[in-house]
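Working through the structure, step by step
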Amino acid sequence: MTLADLKKPTSRASPSTEETVTRVRTPRRENNEILATVESLLGANRLRLRCMDGVVRMGRIPGSMKKKTWIREGDVVIAVPWEFQNEKADVIWKYTRPQVDWLERKGYLKG
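The sections below set out a description of the structure shown in this document. (Residues numbered from 1 in each chain as written. Predicted model: local features only at pLDDT ≥ 70, side-chain atom pairs only at ≥ 80, totals over all residues. Heavy atoms only, no water.)

A positive phi angle, close to 55°, is found at alanine 44, a residue other than glycine. Mapped onto the elements of the fold, alanine 44 is located in the loop between strand S1 (34-43) and strand S2 (46-51). The exposure class of alanine 44 is exposed, given its relative accessible area of 67%. With phi around 60°, asparagine 45 is a residue other than glycine that occupies positive phi space. By the secondary structure assignment, asparagine 45 is in the loop between S1 and S2. According to the relative accessible area criterion, asparagine 45 is partly exposed, its value standing at 29%. (Helix = DSSP H or I, 4+ residues; strand = E, 2+ residues; numbered from the N terminus. Buried < 20%, exposed > 50% of the residue type's maximum accessible area, 1.4 Å probe, protein only.)

Here you go:
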């Protein structure tokens, strides 16, 4: 085997022709998780969330997600409302665009 053989691209099926499988994390009701859409960024790791139960909450991005995940307006996230203050919530997960498309197809997102 020569160096030229190692650099040769192998023939594989392109991802557009085969069905791509995406694993999507759904909100767990037993953990009080709910889907929400980011309405606006308020600064200082705070944002305004429009939750699927019709409540507009102030969301907080916890320190574990702060630098790893960038959240923008219009993103779909999973939020956990605070037990002692229902108008506030913590953001625990952000969905990618293909995952949001899957959620819309399966009926998790209304409208």
